[in-house]
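So the chains spell out like this:
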Amino acid sequence: ACSFKRFCKLSEAEQPPPSSLRLRELYGVLTRLASQLPWLKMLPMNAKTVVYHLGDILRHRNYLLKQAVGVDAENDRPQNDSCTGNICNNALQEAQASYEGTDLP
């Protein structure tokens, strides 16, 4: 494993100033996503361990997206009464449409 700082040093490239902040933010988002997957809730997640679960995060991105929008991932229904079905379904469809063009597995 090679840290980003070490990678930049070995490749003789400058490390852009905001890169370390963005990398921390990315690790934070990935850690929160991994903690939403039921089989990973019992495992301690941090920046070093979350990279081992990137495949699960990408493989189950639709489930995570539905969780974030507030739709019951099992039944495609809103999880609470504060979100009407049309609003959640429209938001979910828009978000899925934006991901359809990507090459993610």
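One can find the structure itself at the top, above this paragraph.
Scope of this entry: the structure provided in the associated data block. Since the model is a prediction, treat every value here as computed from it, not as a measurement. (Residues numbered from 1 in each chain as written. Predicted model: local features only at pLDDT ≥ 70, side-chain atom pairs only at ≥ 80, totals over all residues. Heavy atoms only, no water.)

**Some points on the overall build of the protein**
Phase 1: In terms of regular secondary structure, the protein is built from six helices and two strands.
Phase 2: For the protein, with 105 residues in total, the buried portion stands at 21%.
Phase 3: The long-range share in the protein, meaning contacts at least 24 apart out of those at least 6 apart in sequence, stands at 30%. (Helix = DSSP H or I, 4+ residues; strand = E, 2+ residues; numbered from the N terminus. Buried < 20%, exposed > 50% of the residue type's maximum accessible area, 1.4 Å probe, protein only. Contact = heavy atoms within 4.5 Å.)

**Some points on the pattern of salt bridges**
Phase 1: According to the stated counting rule, one finds two salt bridges in the structure shown.
Phase 2: As a salt-bridge pair, E25 and R22 come within 2.9 Å of each other at their nearest N and O atoms. Within this pair, E25 and its partner R22 are both found in helix α2 (residues 19–36), separated by three residues, close to a single helical turn.
Phase 3: Judged by relative accessible area, which is 40%, E25 ranks as partly exposed.
Phase 4: According to the relative accessible area criterion, R22 is partly exposed, its value standing at 46%. (Salt bridge = Lys/Arg side-chain N within 4 Å of Asp/Glu carboxyl O.)

**Quick notes on α2**
Phase 1: Along its 18 residues, α2 runs 26 Å from first to last C-alpha, staying within 8% of the 26 Å computed at 1.5 Å per residue.
Phase 2: What α2 keeps buried is the set S19, L30, T31 and A34. For α2, the angular spread of the buried residues around the axis is 115°, confining them to a single face. Among the exposed residues of α2, those oriented more than 90 degrees off its buried face are R24 and R32.
Phase 3: Where α2 is buried, its residues meet α1 (4–10), α3 (47–50) and α4 (54–59). (Expected span 1.5 Å × (residues − 1). Arc of directions from axis to C-beta.)

**Here's the deal with unusual backbone geometry**
Phase 1: Phi at E12 takes a positive value of approximately 55°, unusual for a residue other than glycine.
Phase 2: Following the sequence through the fold, E12 ends up in the loop between α1 and α2.

**Let's talk about the nonpolar core**
Phase 1: One finds L30, A34, L37, L40, M45, V50, I57 and L64 forming the largest nonpolar core, which totals eight residues.
Phase 2: If sequence neighbours within four positions are ignored, L37 has contacts with D56, I57, H60, Y63 and L64. (Core = buried A, V, L, I, M, F, W, Y, C linked by side-chain atoms within 4.5 Å.)

**Considering the environment of Q15**
Phase 1: Note on placement: Q15 falls in the loop between α1 and α2.
Phase 2: Placed ten residues apart in sequence, Q15 and K5 show a C-alpha to C-alpha distance of 6.8 Å.
Phase 3: The contact partners of Q15, leaving out residues within four places of it in the chain, are F4, K5, C8 and S20.

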